[in-house]
Amino acid sequence: MSEQRTTPADVVRAYARAKSRADVKEALRYCGQDTVFETIAFQAVATGLDEVARQTTAFLRAFPDYGVELDYLAEADDLVVGAGTIRATMVESLVGIEPTGRAFALPFACHWRVRDGLIRHERFFFDFHQMCEQLGLSTADAAARFAAWRERAKAVPR
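What comes next is a walk through the structure. (Residues numbered from 1 in each chain as written. Predicted model: local features only at pLDDT ≥ 70, side-chain atom pairs only at ≥ 80, totals over all residues. Heavy atoms only, no water.)

Re the side chain of Thr85
Secondary-structure assignment places Thr85 in strand 4 (residues 79–89). For Thr85, a relative accessible area of 17% translates into the label buried. (Helix = DSSP H or I, 4+ residues; strand = E, 2+ residues; numbered from the N terminus. Buried < 20%, exposed > 50% of the residue type's maximum accessible area, 1.4 Å probe, protein only.)

Okay, structure coming up:
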């Protein structure tokens, strides 16, 4: 019987499947305590599992049907890079932005650092303007809401 080896790309695939089911607890099982998640479009950085859990939970509450379709993953040592499409419908507010009930489908690119079978860093890229346009939101207003949210987050002791 051969030994099953879990690769960094396997970890990312399992994580993406859990997030696509809005299963935050399962998704975070693939992340280290010291993980750092960057969502470039939102200019948001979550440091540590608790903060990642809070941000992921808030996002998936607003977009409960969030789904990731991976077109490819490529792996080099502990680095996994990938791209595909993300889809979701905004049904709850996010950072004070009222829900529109509209959906988006956006191309994305991401890279993950996976060490010891856990995601240690995620850097996630997608087009903020295109997301706002598809959701029927003003890009300027949404950007201002995210800026205010980032300022409030800085003021909260961790």
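Quick word on the pattern of salt bridges
Think of it this way: side chains of opposite charge can pair up when their charged atoms draw near. Tallying each qualifying case throughout the model produces nine salt bridges. A salt bridge links Arg113 to Asp78; its shortest N-O distance comes to 2.7 Å. Note that Arg113 is positioned in strand 5 (residues 103–115) and Asp78 in the loop between strand 3 (67–76) and strand 4, a separation of 35 residues in sequence. Exposure remark for Asp78: the relative accessible area of 18% places this residue in the buried category. Among the charged side chains, a network of salt bridges with common partners joins Asp34, Asp116 and Arg120. (Salt bridge = Lys/Arg side-chain N within 4 Å of Asp/Glu carboxyl O.)

Things to note about the sheet that holds strand 4
The six strands are arranged 2-1-6-5-4-3 in an open sheet whose pairing can be described as mixed. Unpaired on one side and paired on the other, strand 2 (44–47) and strand 3 mark the two borders of the sheet. Averaged over all adjacent pairs, the angle separating strand axes in this sheet is 15°, with direction ignored. Examined bridge by bridge, strand 5 and strand 6 (residues 118–126) share eight bridges and lie antiparallel to one another. Each residue of the ladder has a partner; that of His111, found in strand 6, is Arg123. On the sheet, helix 3 (residues 49–62) packs against strand 1 (31–39), strand 2 and strand 4 and is oriented at approximately 130° with respect to strand 2. (Pairing = 2+ DSSP bridges. Axes fitted to C-alpha atoms, helices over the stretch in contact; angles between N-to-C directions. Contact = heavy atoms within 4.5 Å.)

A short note on the packing of aromatic side chains
What the rule picks out here adds up to twelve aromatic pairs. Measuring from centroid to centroid gives 5.5 Å for Phe42 and Phe126, while their planes differ by 85°, and the two rings are edge-to-face. Within this pair, whereas Phe42 is found in the loop between strand 1 and strand 2, its partner Phe126 is found in strand 6, the two being separated by 84 residues in sequence. Taking the relative accessible area as the measure of exposure, Phe42 reaches 7% and is therefore buried. Seen in terms of ring centroids, Phe108 and Phe124 are 5.6 Å apart; in terms of plane orientation they differ by 55°. Their pairing is tilted. Of this pair, Phe108 sits in strand 5 while Phe124 sits in strand 6; the two residues are 16 residues apart in sequence, bridging distant segments of the chain. Residue classification places Phe108 among the buried residues on the basis of a relative accessible area of 6%. In textbook terms, an aromatic cluster arises when at least three aromatic residues are bridged by ring pairs, as seen for Phe42, Phe59, Phe63, Tyr66, Phe104, Phe108, Phe124, Phe126, Phe128, Phe146 and Trp149. (Phe/Tyr/Trp six-rings, centres within 6.5 Å; stacked < 30°, edge-to-face > 60°.)

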